[in-house]
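# Structure assessment
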There are 2 protein chains.
Amino acid sequence: MSKTMKDRQFRPVAVPDVELGGFWGKWQDAVCQSTAETLLDRCVEAGMVRAIDVSQPSPGIVIPIQPWGGTTQMFWDSDLGKSIETIAYSLYRRPNPDLEARADRIIDMYEKLQDKDGYLNAWFQRVQPDHRWKNLRDHHELYCAGHLIEAAVAYYQATGKRKLLDIMCRFADYMITVFGHGEGQIPGYCGHEEIELALVKLARVTGEKKYLDLSKFFIDERGTEPHFFTEEARRDGRDPANFIQKTYEYGQAHQPVREQKKVVGHAVRAMYLYSGMADIATEYKDDSLTAALEALWDDLTTKQMYITGGIGPAASNEGFTDYYDLPNDTAYAETCASVGLVFWASRMLGRGPDRRYADVMEQALYNGALPGLAIDGKAFFYDNPLESAGKHHRWKWHHCPCCPPNIARLVTSIGSYMYAVAEDEVAVHLYGESTARMKLADGTRVELRQMTNYPWEGAVAFTAKPERPARFALSLRIPEWAKGASLSVNGARLDLSASVIDGYARIEREWADGDRIELDLPLELRPQYANPKVRQDAGRVALMRGPLVYCVEATDNGEDLNAIVLPRNLPAAGTTVLEDLNGAVAIDLAVEREDAQNWGKPLYRDEPAGRRPHKARFVPYHLWDNRAPGEMLVWMQVDR
Amino acid sequence: MSKTMKDRQFRPVAVPDVELGGFWGKWQDAVCQSTAETLLDRCVEAGMVRAIDVSQPSPGIVIPIQPWGGTTQMFWDSDLGKSIETIAYSLYRRPNPDLEARADRIIDMYEKLQDKDGYLNAWFQRVQPDHRWKNLRDHHELYCAGHLIEAAVAYYQATGKRKLLDIMCRFADYMITVFGHGEGQIPGYCGHEEIELALVKLARVTGEKKYLDLSKFFIDERGTEPHFFTEEARRDGRDPANFIQKTYEYGQAHQPVREQKKVVGHAVRAMYLYSGMADIATEYKDDSLTAALEALWDDLTTKQMYITGGIGPAASNEGFTDYYDLPNDTAYAETCASVGLVFWASRMLGRGPDRRYADVMEQALYNGALPGLAIDGKAFFYDNPLESAGKHHRWKWHHCPCCPPNIARLVTSIGSYMYAVAEDEVAVHLYGESTARMKLADGTRVELRQMTNYPWEGAVAFTAKPERPARFALSLRIPEWAKGASLSVNGARLDLSASVIDGYARIEREWADGDRIELDLPLELRPQYANPKVRQDAGRVALMRGPLVYCVEATDNGEDLNAIVLPRNLPAAGTTVLEDLNGAVAIDLAVEREDAQNWGKPLYRDEPAGRRPHKARFVPYHLWDNRAPGEMLVWMQVDR
């Protein structure tokens, strides 16, 4: 157990209690104005809504069964769930009666679809009713349930409407009877984790501990022997060895979770599992889970994570390969996986603020997850390479449309990742123009207003507005990269070296209306080098400014971006505000460029290329491919 | 038409007329002692021999029909053909009555299998007899015929036995009736080229021009409109648009061949086509074909070729992608494709010696084709990456076993690529310990003995042994890389600047028994840089010595080869002869190495890695993965 171990229980502030402006306000506007509706339109076009409408005949198998034994159609409920969740968050920001009415109609359909016993799943009620609970390893039933639960909680919080929440409580109550070690019960868990974290949300909003207990059951059972997936396959008449993913590592079910030390398998599954584990660790103050999670965190962030917070380099298993294997041009780095890393990191803060988690949360949020959405909210990246020869572009949709609603729900709920509250403590994990309303343990309401142009500028000012003067601790993250950060309260400078604990400046005092905190985070341009074991980044440098990874694009720099060479010592950088990229700060740097024009005819020769001066423009990686399409590069050549 | 255009007609010396020692002798021994027999054993195990045995029932579809509409089983005849061809060459070097008897039995089976009309194809006689000539685009019928023709020629030359040659003449005679623009004839050609070059071999050994004419017909028809593949699909009731390869570029049938300027599609197909075109250009002195070939040659060698002479970077089409797209770790660079490039280059020498072709022939031979064979002759590379993280190893066999017999037949027939003869001229294209017997136009027999430890050492000595004093030109290639080469005849130094034409030292004189030529090719270590447009080689250097590309392997240098950094100016190199690698010359160089040990825990940091001195050992690329398995790297980091 590390020294940073905490015994507090922080919970995120509810989405409707944080109002965003500035950077995140613009992204939320894009989702509210375009993505939320687009998601529902695409779900309708794909046949998902028709599929749950019991007044229509069964859709049958619209998308063929794939070699892994299922079809993406099996998890249409999850796509609808995440879309409803996005709509819920969007309605809070931007009322949209038409969209709300469409969501209500879908919820009505789910009400009619639900079985008397509480079971609910479009595929296993309407297409393969005889397969219910037959193949938890591959069939995503509990995964779908989890996403509908998350939708239910969000829709209830945003609209006050309980119908979907009640539906999902009935389903969860039914699950409690189905799963367990009792006579006739299933001692199993889902191949694709998600239900675990969803049940925690359900427990928190309903106050029902039974849902926590079911979540904990799924986590405790995972990977134990005799192995459930093996027994289940035998019961179902399948050969357990005939598993296309070959190893239970694919779904992190190869070992009991508390024994797992290496991050393996399908990246999204891993992140969802660890998120659920972290929630249960917080809720039960379960040190054995926290210890496993700390080992896994180290494993991921020191051996398997792109500088963008992208994870899971391989398309073959949508997941992890070998340590330090981080190919840039073929990076899978699924948007959903970085969204999942944000989930996990956020939940690692449940037992107390620690920038070890929050810094990575921010890194993955800005650079791993956010690239998944175009600035107009209308197109999406599924995979996120760190280098493109010019052919990688956002999709209007995807045959497996998991990423669009995932990034959309994250963007619209970002406020709940920024602020968290424990009994007598408020933590600010992320910076951005916003106003948060919170309630302390003694019932005191506190409003915290954050004024900033972050991440473009590093000055952040807060004004506190407790309903009456109140003593509590305010913990503000000081990112590890923010060398020379400074902090003052009502004009008086604080000694950060004395007040920073686990990377957070902790200010415990009586706060009164109008108290003002000023934080300055220097946004120096930072060259970043990779461990020499990362063969794909050898001889290369990436640039970061604040939390943002930068890249070069052909539209600013012409083709052959790999011919650009940065000097060992960076020259003074210029900055330009790009209005066509949401006011992003671009960086201009005098560098050199290898000369392909005067190279001559042979492909190979005895002398390296000559060089000419080049003024390179760098833009934030998350904004690439929002202008003219072309090459893109994060890791650049550097002289050393 | 370039200035190098020649009007001579060079033909390769027949395989049995060159006896190899030294470097190539060892490789031929490996094939004679292991590979030749292994090939036949594997063909038997795969069911290929049973498939042609009419005394047994039809094999049926042993390998399932693939999405492209066929199965590799469809071209089992080609695997048998190339295996018989290899056996033929091996018998000349090393008599093996058992192996010869096995080949004879296969040939007997083909005799029994052949239809009365001359048609011969295991699949379309025994498995799908109703599909004969129905889908030339996908079905490889003429491709199979081509390989059996090459086998027939080789077996006849090596053993004097005519049976297979007669069989294939009957088949070719039948083809002449089948293909053409006459009533009821097929105005088509094969999707996978090969028959074109095979018919030229058949014409040369039989003296029958009709086979040349058929070859020229296939070449002239290719890619013309109305498009044969489109018409054929319609006739066969298939939708021409439903072509899994999407474009006729896949088989170089997108344009008439004389209009083609860009090397596209499946790499092996392209090489076989261009080989056939070059043969026809030589035989017919067809300048329009030569002009197209020169453009294609430039296109390939200045924009699309690995430094190893590997070609076709992508697995998806087993072929070409975009200009300058040469990924190292995922390089497909099929062994067969480099074998094909050797074929093509060799045939570009048909109209006269030109090192523009012969240098690349040598480059592709040593570094693109030869890696396909283990030094013991018992294992094979199919694809040839220029970087491996440690998991790429030779196969004992492959589901598509085209490469093993292809490299084996090339190795055993290498003598015919070394020497060529025109009327009154002998050309030496490749160096290596050997004795060649040739006949000039006037009937004079000349024996040329080449004594050398090339490619390990650069000293090459020849003794001429004409049966009587004879005036002829001896053309010796001076490789472009051999700066400072020197040449003497009977001790008298020649002025190379005056006697070199198109990269060949042309010595025209009366040669007498015992005349001695001494050639010295300095084997300096040569750093090689890639055009800056090759993004994958940016900031990197490869080392060559003579014709050989070198690499580093983990077994000599430990893991993390990408951490090795070469200095801008190479220090003096040491050399070591490695007895366990066929006496290869290894290169030892004092370089630096980034230090992963003292890097610390984070994956990324503000400072580049420190460095420590490292003694790097480089071995010839073609010999990698012959010792302990592990990482391998060709393009290394370099300071500039």
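Conventions adopted
Residues numbered from 1 in each chain as written. Chains lettered and ligands numbered in written order. Predicted model: local features only at pLDDT ≥ 70, side-chain atom pairs only at ≥ 80, totals over all residues. Heavy atoms only, no water. Helix = DSSP H or I, 4+ residues; strand = E, 2+ residues; numbered from the N terminus. Contact = heavy atoms within 4.5 Å. Phe/Tyr/Trp six-rings, centres within 6.5 Å; stacked < 30°, edge-to-face > 60°. Buried < 20%, exposed > 50% of the residue type's maximum accessible area, 1.4 Å probe, protein only. Salt bridge = Lys/Arg side-chain N within 4 Å of Asp/Glu carboxyl O. Disulfide = S-S within 2.5 Å. Core = buried A, V, L, I, M, F, W, Y, C linked by side-chain atoms within 4.5 Å. 1 Å grid on protein atoms, 1.4 Å probe; cavity = no way out; pocket = protein on both sides within 12 Å on 5 of 7 lines; lining within 4 Å. Points joined across faces, edges and corners; volume = space filled by probe spheres on them. Domains from an automatic or database assignment. pLDDT = per-residue confidence, 0-100. Buried area = accessible area lost by both parts, 1.4 Å probe. Polar contact = N/O pair within 3.5 Å; in protein donor to acceptor, adjacent residues only side chain to side chain. Pairing = 2+ DSSP bridges. Least-squares fit on C-alpha atoms with pLDDT ≥ 70 in both.

### Points about the side chain of T230(A)
Positionally, T230(A) belongs in helix α10 (residues 228-235). Ignoring sequence-local partners within four residues, the contact set of T230(A) consists of P240(A) and Y248(A).

### Describing the packing of aromatic side chains
Evaluated as defined, the whole model comprises 58 aromatic pairs over all chains. Residues W133(B) and F171(B) carry aromatic rings whose centres are separated by 6.4 Å and whose planes lie at 35 degrees to one another, so their mutual orientation is tilted. Taken together, the positions of W133(B) in the loop between α5 (122-126) and α6 (136-139) and F171(B) in helix α8 (residues 163-178) put the pair 38 residues apart, joining distant regions of the chain. By the burial criterion, W133(B) is buried, and F171(B) matches it. Where W297(B) meets Y357(B), the ring centres are 4.9 Å apart and the plane angle is 75 degrees; that geometry is what we call edge-to-face. Residue W297(B) is found in helix α13 (residues 287-303), and its partner Y357(B) is found in helix α15 (residues 355-369); the two are separated by 60 residues along the sequence. When sorted by exposure, W297(B) lands in the same class as Y357(B), which is buried. Clustering of aromatic rings is evident, with ring pairs tying together Y119(A), W133(A), F171(A), Y174(A), F179(A), F217(A) and F218(A).

### Describing the pattern of salt bridges
Two side chains of opposite charge can pair, provided their charged atoms sit close to one another. Residues and elements named next belong to chain B. A full pass over the atoms with the stated rule returns 108 salt bridges over all chains. Across the salt bridge formed by E45 and R42, the nearest N and O atoms sit 3.8 Å from each other. Placement of the pair is E45 and R42 together in helix α1 (residues 22-46), with a separation of three residues, close to one helical turn. For the salt bridge of R204 with D279, the shortest nitrogen-to-oxygen distance reads 3.8 Å.

### Observations concerning the state of the cysteines
All names here are of chain A. Applying the stated criterion across every chain yields a total of zero disulfides over all chains. As a non-bridged cysteine, C169 has C144 as the owner of its nearest cysteine sulfur, 18 Å distant. Judged by its relative accessible area of 11%, C169 is buried.

### Topic: the nonpolar core
Within the largest apolar cluster, 224 residues are counted, with the highest numbers of intra-cluster contacts made by F179(B) and W344(B). The residues touching F179(B), leaving out its near neighbours within four places in the chain, are W133(B), L136(B), L142(B), Q185(B), I186(B), G188(B), L214(B), F217(B) and F218(B).

### What to know about the layout of surface pockets
Residue and element names in this part refer to chain A. Each pocket or cavity is described by its volume, and for the second largest pocket that value is around 1100 Å³. Forming the walls of the second largest pocket are 42 residues, and the residues nearest its centre are R11, P12, V13, A14 and Q157. No fewer than three residues from each of domain 1 (13-418) and domain 2 (423-520) sit in the lining of the second largest pocket.

### Structural notes on the confidence of the model for chain A
Summing up the model confidence of chain A, the mean pLDDT is 96 and the portion of residues at 70 or higher is 99%. The model gives residues 1-5 of chain A a pLDDT under 50, and that stretch makes 11 contacts with residues more than four places away or in other chains.

### Let's talk about the interface of chain A and chain B
Facing 50 residues of chain A, the contacting portion of chain B comprises 50 residues. Counting each side, the surface lost to burial between chain A and chain B is near 4200 Å², with a carbon and sulfur contribution of 51%. Among the residues of chain A in contact with chain B, P532(A), L603(A) and Y604(A) are the three that bury the most area, contributing 19% of the side total. Applying the counting rule to chain A against chain B returns 12 salt bridges. Between R640(A) and E594(B) there is a salt bridge whose closest N-O contact spans 2.5 Å. Across the chain A-chain B interface, the total number found is 24 residue pairs in polar contact (both at pLDDT 80 or more). Secondary-structure elements contributing two or more residues to the side of chain A that touches chain B are α12 (287-303), β15 (525-530) and β21 (604-605) of chain A.

### Comments concerning the sheet that holds strand β14 (residues 516-520) of chain A
Residue and element names in this part refer to chain A. Sheet architecture is open: seven strands sit in the order β2-β6-β7-β8-β14-β10-β11, paired in antiparallel fashion. Edge positions in the sheet fall to β2 (18-20) and β11 (492-493), since each of these pairs with one other strand and no more. Where strand β10 (residues 486-489) meets β11, two bridges bridge the pair, whose relative direction is antiparallel. Among the inter-strand pairings, V489 is bridged to a residue of β11, identified as A492.

### Thoughts on the relation of the copies chain A and chain B
Rotating chain A by 180 degrees and moving it 0.0 Å along the rotation axis overlays it on chain B with an RMSD of 0.0 Å. Accordingly, the operation relating the two chain copies is best matched by a two-fold axis. Both copies present the same face, since 100% of the interface residues in chain A are matched by interface residues at the equivalent positions in chain B.

### Focus on the side chain of T452(A)
Residues and elements named next belong to chain A. Summarising the element assignment, T452 is placed in strand β7 (residues 445-452). Within the structure, the side chain of T452 is placed 2.8 Å from the backbone oxygen of A459, a separation counted as a polar contact. Setting aside residues up to four positions removed in sequence, T452 forms contacts with G432, E433, E457, A459 and V460.

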